Amino acid sequence: MTAFVLKRLAVGLLTLLAASLVVFFVLEVLPGDPARIMLGMNASPEALHALRTEMGLDRPVALRYLDWLFGMARGDFGRSYTYSSPVLALVAERLAVSLPLALMALALSTAIAIPVGIYAAARHGRPSDTLAMGLAQVGVAIPNFWFAMLLVYVFAVGLRLLPAGGFSGWGVGLDGLWQGVKALLLPAVSLALPQAAILARVTRSAMLEVLGEDYIRTARAKGLPRRKVLWRHGLRNAMIPVLTILGLQFAFLLAGTIIIENVFYLPGLGRLVFQAISQRDLIVVEGVVMLLVAAIVLINLLVDICYAVVDPRLRSSR
Amino acid sequence: MSLDSTFTPVPERHVLAKALANRSFLVGLVITGLVAAMALVSFFWTPYDITRLAVAERMQGLSLAHPFGTDHMGRDILSMIMIGARNSIAVAIVAVGIGMGLGVPLGALAAARGGWADEALMRVNDVVFAFPALLTAVMITAIFGPGAVNAIIAIGIFNVPVFARVARAGALSLWPREFVLAARAAGKGAVLITVEHILPNIASLLLVQGTIQFALGILAEAGLSYLGLGAQPPMPSWGRMLFDAQTRMAVAPHLALFPGLAIVITVLGLNLLGDGLRDVLDPRIRRER
């Protein structure tokens, strides 16, 4: 087991290293000198030179890459040119929006999808199964930003129940918390719908596979109620594919909210990167992308380890 | 949605009969056919000329003259959606083409050679999969300039490892089979065996995956266009139409309704087609479902 974890860890670190090379050198060959973009077109050559020296742009590329890499290893992601604050501080500030949003969406989608998937599997082939899976097919096909616009039209423009966009931060006390949740509710629902549709389909097919097993028949034969068999014996054994998709969806939600953040004008991680790209604030782009890649690698690693814990056969086969 | 690696090729004469009996396949085929026909017709005829702006007729509701209404510049929305279909289909098809063209040879090669080549390919795949796809596509188009071509590249790159993985898994399950062994015994090389025996037998897997990636490509293109990074005006695109509609939702919600429905119906049709194809072409999975 230790050997398995160490091997996966080493592969994860190599992946990160390769990703850092790609990110750094792709952004490095870009047209557009960050110093010139910061100072504007009319900057004097002296000022430009001074800023380039200050930002370290006059040094060889390989040295700058190593500096950046070892900085990140120490937890120093550099300073943003445009915000003049450390990249990590910016990320932390934006995560206060993106992380709760991702968690809300994930919780919503799980709460909808898993019961629907189990229910559909239990009623396999009947009209309610067909209906549930038909709705899931439609759910998968709906672009989340379009769904978001419809939600805004109904709940913000029409019923005036929820804000149409913007986020004023997590206030003080319960009321402040509620204001924050209210601002993130529509975005979370619009992110959750397509995810729930996918998750319900995966849960259903995993359950169907499990429900055909002998131990399910045994459990039923010894007189356990249907409901108990479904949840205790069925869901438990169907969890592996479900967990895989959940892991992937969480990773997607952290980075994939970029369009939804644009629909609702939310100051999240996606908007930070989007703005940083257009302002050529490369150190921010590089830092955020590396953190997201690290998050995805970590989630995959945890999912792999979960597999190995659940099913010892997987430890040697990879 | 991953496909299993072991499967049995179906004799061809059963396929058509089976396909016609599969509801998912039929509905998907009809929808996809209609969308494709709509895009083709738009080359010869649209109800209105969308290059002519008619400000006096802007943001009209639904009428006999304009079944889907007109947009903020007085252009007929039905005509815009018809021409927008071209863009969505073209971007998604070429992105799938890039994915297949690069991914399938890589995957087949990894399966044929094994050893370090296989290991290297899988590790490169890991790296690409570790990138958040949507965010990276946004980065690529934002950096190299917005437009349909860069959108195709940005979406296509993420299709490559998907097809490489499917091709590799399919090929790996075929290499130990008797007919491949026989070909090896006859002295055929790895490339010839791959072309003559492996590729024809994994074609159905690739077709199913291609349909799924096609649908995902349409969604991705809509997202990029919505952010202003896809096809540039005056070329209409469904995502861009939604962006233009957003600020006018309160006054004219129909501006957002129809382009959105166009995306949903197209993606739904392709997904149904993909599911149907999988049921028809892959009896093993069908039994389990």
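The name given to chain B in an unreviewed UniProt entry is ABC transporter permease, with the source organism recorded as Chelativorans intermedius. Quoted verbatim from the Sequence similarities (unreviewed entry) field of UniProt, the annotation for chain B is "Belongs to the binding-protein-dependent transport system permease family." Taken verbatim from the UniProt record of chain B, the Subcellular location (unreviewed entry) comment is "Cell membrane".

Going by an unreviewed UniProt entry, chain A carries the name ABC transporter permease and comes from Chelativorans intermedius. Per UniProt, chain A carries the Subcellular location (unreviewed entry) text "Cell membrane". Quoted straight from UniProt, the Sequence similarities (unreviewed entry) entry for chain A says "Belongs to the binding-protein-dependent transport system permease family."

(A) Fine view of the packing of aromatic side chains. Evaluated as defined, the whole model comprises 8 aromatic pairs over all chains. When the centroid spacing of 5.2 Å and the interplanar angle of 75 degrees are considered together, the rings of Phe24(A) and Phe25(A) count as edge-to-face. The exposure class assigned to Phe24(A) is buried, which follows from its relative accessible area of 4%. Residue Phe25(A) is classed as partly exposed on the basis of its relative accessible area, which comes to 33%. Each ring, one from Tyr226(B) and one from Phe243(B), has its centre 5.9 Å from the other, and the planes form 80 degrees; the classification is edge-to-face. Pair noted here: Tyr226(B) is in helix α8 (residues 190-226) and Phe243(B) is in helix α9 (residues 238-246), with a separation of 17 residues, a long-range link. Classification of Tyr226(B) by relative accessible area gives buried; the value is 3%. By relative accessible area, Phe243(B) is classed as partly exposed at 37%.

(B) Spatial organisation of the domain arrangement of chain A. Residue and element names in this part refer to chain A. By the assigned domains, chain A splits into domain 1 (2-73) and domain 2 (92-315). Using C-alpha coordinates to define each centre, domain 1 is positioned 33 Å away from domain 2. Each partner contributes residues to the interface: domain 1 has 19 residues there, and domain 2 has 17 residues. Linking domain 1 to domain 2 there are 0 salt bridges. Applying the counting rule to domain 1 against domain 2 returns 0 residue pairs in polar contact (both at pLDDT 80 or more). Of all the secondary structure elements, the ones that give two or more residues to the side of domain 1 that touches domain 2 are α1 (2-28), α2 (34-39) and α4 (61-73).

The rules behind the values
- The written sequence of each chain sets the order in which its residues are numbered from 1.
- Labels follow written order: the first chain is A, the first ligand is 1, and so on.
- Where local features are concerned, this predicted model is filtered to residues with pLDDT of at least 70; where side-chain atom pairs are given and counted, the filter is 80 or more; whole-chain, interface and lining totals use all residues.
- Hydrogens and waters are ignored; side-chain quantities use all the structure's heavy atoms.
- UniProt positions are given in the numbering used here, feature names are shortened, and annotations may be inferred rather than shown by experiment.
- Two aromatic rings, drawn from Phe, Tyr or Trp (for Trp, its six-membered ring), form a pair once their centres lie within 6.5 Å of each other, and the interplanar angle then sorts them: stacked below 30 degrees, edge-to-face above 60, tilted otherwise.
- For each residue, the accessible area found with a 1.4 Å probe, counting protein chains only, is set against the maximum for its type, and the residue is called buried under 20%, exposed over 50%, and partly exposed in between.
- Helix numbers and strand numbers start at the N terminus; a helix is a DSSP run of H or I with at least 4 residues, a strand a run of E with at least 2.
- Note that the domain bounds were set by an automatic or database domain assignment.
- Two residues form a contact once any of their heavy atoms are found within 4.5 Å.
- Salt bridge criterion: a side-chain nitrogen from Lys or Arg within 4 Å of a carboxyl oxygen from Asp or Glu.
- Each polar contact in these results corresponds to two N or O atoms within 3.5 Å; when the atoms are within protein, one needs to be able to donate a hydrogen and the other to accept it, and residues that are neighboring in sequence are counted only if both atoms are side-chain atoms.

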